[in-house]
Amino acid sequence: PTGGGKSMCILLPAWFESSGGRRAGGTTLIIVPTVALAYDQQNNVRPYFNPASDAYKPYSLTSDTPKETRAIIYKGISEGTIPILYTSPEALLLNPVLYHTCLQAAANGRLRRFVIDEAHLVDSWGASFRTEFQLLGAYKRKLLEASQGQLRTFLLSATVSYQSEKTLAEFFALDSGLSSVLANQLRPEPGYWFHHTRHFPLQRDSVIEALYHLPRPAILYVTKPNHAQQWVRMLREQGFKRVVDFTGHTAGEERQHILARWNRDEIDILVGTSAFGLGVDKGDVRTIIHATLPENIDRYYQEVGRGGRDGCSSVSLLISKNDDFDLAFSMTTKSRITVEKAWPRWRGMWQSSQFYEQTTDTYLINLNAKPTYNQEMPESEANRYWNEHILLFMQRAGALSIEDTRPNETAPEPDEQKPDFYQDNFWLLVRIKNDQIVNDEAAFEKLMDEQRHLEKESITQNLNALRQVVETQAQMQAHHCLGHDLADLYPY
């Protein structure tokens, strides 16, 4: 369960192998979903590695990491001196220096473990929101091959549904098998409260009234960054002084500053989006308020889990309004391409594809390929994103598998004059598993339409499940225990 010690499963072996940072014991590479979590985890584990020198401490690597620190990190991975490195899927897969440094370390036996924290996000975020989550499976296979089967992969989460486990097994365990260690329990600390109202002014008044009385520190969850900024202004107007917002738009240095103040108890109310909170471990958070409807029970339960991690009671209060369902639905479905546009994009990629070495079913696919309906389209990040999105969609539908994200690329030398967070290789290596979809428009569109329907149905069911919980629990005489709904979602 949240707060039950998943981080310790990784900290302990890294600590023992390095003697607490006194010797080179190899590196554990941990993929985390947010910059906030990378900073938080690094700060939490470093005290266990005192008085280690700079080359023997745990680190986090983000786009804001200084060049001097990156140089220490790359050298430490190569030599196996850095016990733990926290980074994001994007930082790992789009940074060729880190990408190849880790592969070489795996080949030399110095990369010991590959860990994905909050692994349920591979399924819930990777589908379209952050596609690199689903490309991690291909990279894991390369690491395992480089290590000659010695690398260990850990997938950690407090909330693994049947669908999440199925996705994780498909992406990470087809070549090595999946061992499940399950320790689910309904956390006893939170008391759950729900209220539903018609429109925003009533929701606003209810949240402010609650914050006057509820214990602190408190986290107020909202949907969008501009909503968080709006709430901070409103709360300050009501006399709340020690309140800040933390979203995906918060700058790197400001994130570290906010987390430090949060951990020093200098902030009473933190207003955040889903960019804040996953895995962040402040023990004495007493109140979690949702002034929104999360897109599923998974996200809701994860965010409630930020409270009461010290074992003492906490409060979970969800206050929803009538249009929250539509907002949550639009946020989870807006990034899915239509079937009509998918076929011309696939044709553009297929027509520019290349055979890979001596294989008959493996091809190099150019992510810069133009759709057939617009061959004049300029190369852009947006064009590459939609092409990548289609390939991942086809992978989830079983039509192909993505085998490599930087095929045929040689390891670059760290270059002080050029930023190392760049993507200069826009090819993916894919294996065709369904020959019919390659040139048959009708078969392709049928496959894509079926996959879109399955995903939309899953999103709708998840959102409806949470709406049903809110409507039931918000009644004056609710007779149905929330524990049953959670047991349905996490049957283990």
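Undergrad: For this particular structure, what's the right way to read the nonpolar core?
TA: The nonpolar side chains of a soluble globular protein tend to be buried with one another. Among the nonpolar cores identified, the biggest contains 64 residues, and Leu-92 and Trp-346 are the most heavily contacted of them. Residues contacting Trp-346, with those up to four places away along its chain left out, are Leu-391, Met-394, Leu-400, Ile-432, Ile-437, Val-438 and Phe-444. Judged by nonpolar contacts, the second largest core, of 22 residues, contains Val-207, Trp-231, Val-271 and Val-315.

Undergrad: Would you mind going over the sheet that holds strand E12 (residues 354-355) with me for this structure?
TA: One key point about sheets: their strands pair by backbone hydrogen bonds, in either a parallel or an antiparallel sense. Sheet architecture is open: 4 strands sit in the order E12-E13-E15-E14, paired in antiparallel fashion. Both edges of this open sheet fall to E12 and strand E14 (400-404), since each of them pairs with a single strand only. Alignment of strand E13 (residues 362-366) against strand E15 (residues 427-432), held across 5 bridges, turns out to be antiparallel. By the bridge assignment, Leu-364 is partnered in E15 with Leu-429. Each of E13, E14 and E15 touches helix H15 (residues 381-396); the most contacted strand, E14, lies at about 120° to it.

Undergrad: Looking at this model, I keep getting lost on the sheet that holds strand E6 (residues 190-197). Mind explaining?
TA: Pairing is parallel in the open sheet, where 6 strands are placed in the order E6-E11-E10-E7-E9-E8. With one partner strand each, in any of the chains shown, E6 and strand E8 (243-246) form the two edges of the open sheet. Strand after strand, the sheet turns through a mean of 15° between neighbouring axes, direction not considered. The sheet contact formed by strand E7 (residues 218-221) and strand E10 (residues 287-290) spans 4 bridges and is parallel. Bridge pairing in E10 places Ala-218 opposite Thr-287.

Undergrad: Explain the pattern of salt bridges to me, please; I cannot follow it from the model alone.
TA: A side chain with one charge can pair with a side chain of the opposite charge if their charged atoms come near. For the coordinates displayed, the defined rule picks out 22 salt bridges. Residue Asp-284 pairs with Lys-282 through a salt bridge whose shortest N-O separation is 3.2 Å. With its nearest N and O atoms 2.7 Å apart, the salt bridge here joins Lys-446 to Glu-450. Pair noted here: Lys-446 and Glu-450 are both in helix H17 (residues 441-473), with a separation of 4 residues, about one helical turn. Classification of Lys-446 by relative accessible area gives exposed; the value is 53%. Connected through salt bridges with shared partners, the residues Glu-17, Arg-112 and Arg-113 form a single ionic network.

Undergrad: Looking at this structure, how should I read a nonpolar patch on the surface?
TA: A cluster of nonpolar side chains, contributed by Met-8, Leu-12 and Phe-16, occupies part of the molecular surface with about 300 Å² of accessible area. Note that Met-8 resides in helix H1 (residues 6-18). We classify Met-8 as partly exposed; its relative accessible area is 40%.

Undergrad: Could you clarify how one ought to interpret the environment of Pro-412 in this entry?
TA: In this fold, Pro-412 is placed in the loop between E14 and E15. Classification of Pro-412 by relative accessible area gives partly exposed; the value is 26%. With near-sequence residues (within four places) excluded, Pro-412 lies in contact with Pro-96, Val-97 and His-100.

Undergrad: Teacher, can you tell me more about the packing of aromatic side chains here?
TA: Between two aromatic rings, the relevant description is the distance of the centres plus the angle of the planes. Per the counting criterion, the structure on display carries 12 aromatic pairs. These aromatic residues form a ring-pair network of at least three members: Trp-346, Trp-350, Phe-355 and Tyr-363. It is Arg-384 that lies over the ring of Phe-426; its NZ or CZ is 4.0 Å from the centre. Between the NZ or CZ atom of Arg-467 and the centre of the ring of Phe-325, over which it lies, the distance is 3.7 Å.

Undergrad: Would you take a moment to explain the pairing of E13 for this structure?
TA: Looking along a regular strand, one sees the side chains alternate between the two faces of the sheet. Within E13, 5 of the 5 residues are buried, which leaves the element mostly enclosed by the surrounding structure. Side chains of E13 alternate between two faces, with Thr-362, Leu-364 and Asn-366 and Tyr-363 and Ile-365 buried alike. Pairing analysis gives 2 bridges linking E12 to E13, with the strands arranged antiparallel. Looking at the pairing, Phe-355 lines up with Tyr-363 of E13.

Calculation criteria
Residues numbered from 1 in each chain as written. Predicted model: local features only at pLDDT ≥ 70, side-chain atom pairs only at ≥ 80, totals over all residues. Heavy atoms only, no water. Core = buried A, V, L, I, M, F, W, Y, C linked by side-chain atoms within 4.5 Å. Buried < 20%, exposed > 50% of the residue type's maximum accessible area, 1.4 Å probe, protein only. Contact = heavy atoms within 4.5 Å. Pairing = 2+ DSSP bridges. Helix = DSSP H or I, 4+ residues; strand = E, 2+ residues; numbered from the N terminus. Axes fitted to C-alpha atoms, helices over the stretch in contact; angles between N-to-C directions. Salt bridge = Lys/Arg side-chain N within 4 Å of Asp/Glu carboxyl O. Patch = residues over 30% accessible without salt bridge, like charges linked within 9 Å, V, L, I, M, F, W, Y side chains within 5 Å. Areas by Shrake-Rupley, 256 points an atom, 1.4 Å probe, with all protein chains shown as cover. Phe/Tyr/Trp six-rings, centres within 6.5 Å; stacked < 30°, edge-to-face > 60°. Lys NZ or Arg CZ within 6 Å of the ring centre and 35° of its normal.

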